[in-house]
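Inside the fold
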Amino acid sequence: AGRLVPYDLLYADGVRAYFARDWGRAAELLQRALHSYAGLRAARRACRDACLREAAFLGEPPAAGPWEAALFDRVLQRADCVQHCLGSRLGAAPSAHRASLVIQRDFERREPYNYLQVAFFQLKKLDQAVSAAHTFFVANPQHLQMREDIEKYRRMSGVKSDNFRDLEAAPHWEAYEAGMQHYNADEYLQAVDRLEESLREALSALEECRALCEGPLEDEEVEEEEDLQPGLYEAIAAHYIQVLKCRQQCVLEIATKPGWISATEDFIPSHLDLLQFAYDQVGNQALAAECAASYLLFYPTDEPVLEKMKQYRAELGEDTAVTARENIRHYVQRSLMEKKLIYYAMEHLGGTFNDPDLWTPDELIPENLKQKYREDQEKKKQETLDMEERGKRGSLPFEGITVTMDSQQMNGTQRVVFDRVLTESECKDLLRLTKAARGTGDGYRARRSPHTPHERFEGLTILKAMQLAQSGDVDWRDAKLLLQASEKSRKIIESYFTPGKKLHFSFTHLVCRTAVEEEQEGRMDLSHPVHADNCLLDPEGKECWKEPPAYVYRDYSGILYLNDDFRGGSLFFTEMDTVTVTANVRPKCGRLVAFSSGKENPHGVQAVSQGRRCAIALWYTHSAEHAEQERVKAEELMEQRAAEENQSNGEEYHGADHSSRSSPEALVPSGGARPTSQRHKSVSERTQHPKELRARDEF
Ligand SMILES: O=C(O)CCC(=O)C(=O)O
Ligand SMILES: [Fe+3]
């Protein structure tokens, strides 16, 4: 095999070319980076398999003679094998292919496709731009800018719908979804085919993931001092336990659909359960029995499947042997062995382990760990109780705010309207912000509303507001007010709905909807069609799919209104059928409506038929991981400014608390070698990535 250039180098060069607007070079380098990344993974997998055979830990342990020599003899052989194998496949020392954590994360999140789509777009290679955009979006459904771009691509003529392809699609997910569709449609013959394929592919993906676990030891805390380094056996144990835990987590990785946050529970065993049912339906009792027996390896006391087993045995006759699948038996045994070792380590050496499986037999978990687990659960329960108690007594964190309507008055659950969150003059200042921003022409141009041709739609994000303040286009105090108003709303909503449980910003923007003159006659549509904020309402109103492209991690929504001098534009809530209206909210300055973002709160906005309706739209999440990154940047700019002001007139600014957030920069190890230092720059450049995209007005 030829020499594989390390993917992090290619990536760093590609990103640099991107920011130099050298699109051709950027596209080429980024594609090569992706290719090299895939090649590296394939090499690791292949070498692991080859060396597993070549230097196998097989046979009986030595009856007599030193155990240690026998074991380490194999360890040395395996190390030699792996070194050689990787060296010849990669054409370089394997260590050259170790990328920093930041870059590894970028690739896991498919970040290169984000750059690629822009580069392809600039090169007028639309088909490739679309598939890159789609590939990125599948794994990043929360990415607002990409969502907008995708919507634009969809509206463009000349873009074929089969270009919306996931270039990194995992074979097992494609098969699984097709299989489940057939299964749910009672098409069991096809279901069996696809689910078998899915199981096969999932197990194969699992092996690849496990192979990648055999990498270097990742120290949690870098211990610089030599005498803090562990001794031989401690070091081996620590590294081995790390590998075991990593391998155990692989099942979660393969069971998590790209773009989703949590894994499908019991992914492997549920395949076997589905298959046993489907085989039974198509009259293949022998295979049904085999799958049932395999399922029982995970859950040996599962009553319904034991029942089925009896039935299959009866149907097949006593002479037919029923055995579980060999590969599943192997999977279960191997997993149990790993769990035992991990639990032993936990009990005696400390550390933690999140067992990814629900089927782990109780007797495997050491008694004192179980005890500790129970205590933790108890503590958590108590905390929730305390929280609810506090919530009931809960008072709002600000004076003068009133609760105008609660859930009951709004005929629903988790809905509320507060008034007097802003004063008239604060509303005026914020409205001035939208006007001033409009004049600048950059990033804040009125566009057609994505929802209706009869309105224009303008959105201003927090970061944009700060940047405009920085460039002197808007007043700093107005921009600061936007930041403060949104934080105030956050506190109100947190204390009302989830006291004691932190709500993070997920996305914030100031939006105005303006009626387009002369286009209002006989208008039947809405300003914003009925929707739920964190799931996709199905048109028949029976379900709300909590899956991408919905912003699934959003937990609460808030809208803080700024004015009422327009016609139409009421917010309304409906039942799941999207037509039965249950509550109406007329916007006005200082009114904050808040509600949980799920299917219990479908809502829409009546047509704005005259004038301009402005509001700060706010979404919140409990998940720190999905906290709004733009905000960190915006607050930094604010603090910078405050510090400058402080110097000039001694005024004090109480900046926002950053401690709970991790900025992307924080992930960059200090003093890192080569690509790391470049990444440090491009990571912060990345916050400007959306602007970069915005500049493309060719859409
Ligand atoms: O502006 C409003 O009243 C509601 C807007 C909304 O529901 C949304 O943007 O998701
Ligand atoms: Fe909404």
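You'll find the structure just up there.
This section reports on the structure supplied with the text. (Residues numbered from 1 in each chain as written. Chains lettered and ligands numbered in written order. Predicted model: local features only at pLDDT ≥ 70, side-chain atom pairs only at ≥ 80, totals over all residues. Heavy atoms only, no water.)

In this section: the site of ligand 1. By nearness alone, every residue bordering ligand 1 is listed as Arg513, His528, His531, Asp533, Ile559, Tyr561, Leu571, His603, Val605, Arg613 and Trp619. Between ligand 1 and aspartate 533, the relevant distance is 3.2 Å, taken from an oxygen atom to a side-chain nitrogen or oxygen of the residue. At 2.7 Å, a side-chain N or O of arginine 613 approaches an oxygen atom of ligand 1. Look at ligand 1: alone it shows 300 Å² of surface, and the protein chains cover 93% of it. Of all elements in the fold, only β6 (528-531), β9 (556-561), β14 (603-605) and β15 (608-621) reach the threshold of two or more residues within the shell around ligand 1. Across the shell around ligand 1, the residue classes break down as five nonpolar, three polar and three charged. (Near = heavy atom within 4 Å. Polar contact = N/O pair within 3.5 Å; in protein donor to acceptor, adjacent residues only side chain to side chain. Areas by Shrake-Rupley, 256 points an atom, 1.4 Å probe, with all protein chains shown as cover. Helix = DSSP H or I, 4+ residues; strand = E, 2+ residues; numbered from the N terminus. Nonpolar A, V, L, I, M, F, W, Y, C, P; charged D, E, K, R; others polar.)

Here helix α6 (residues 126-139) contains 14 residues, and its C-alpha end-to-end distance of 20 Å stays within 8% of the 20 Å for a straight helix at 1.5 Å per residue. Burial analysis of α6 places ten of its 14 residues in the buried class, which makes it a mostly covered element. Taken together, the buried positions of α6 are occupied by Ala129, Val130, Ser131, Ala132, Ala133, His134, Thr135, Phe136, Phe137 and Ala139. (Expected span 1.5 Å × (residues − 1). Buried < 20%, exposed > 50% of the residue type's maximum accessible area, 1.4 Å probe, protein only.)

The strand order across the open sheet built from four strands is β6-β14-β11-β12, with neighbouring strands paired in antiparallel fashion. Because the sheet does not close on itself, it has two edges, and the strands there are β6 and β12 (581-585). Adjacent strand axes in the sheet meet at a mean angle of 20°, parallel and antiparallel pairs treated alike. Relative to β12, strand β11 (residues 571-574) runs antiparallel, the two being bridged by four bridges. Each residue of the ladder has a partner; that of phenylalanine 573, found in β12, is alanine 583. (Pairing = 2+ DSSP bridges. Axes fitted to C-alpha atoms, helices over the stretch in contact; angles between N-to-C directions.)

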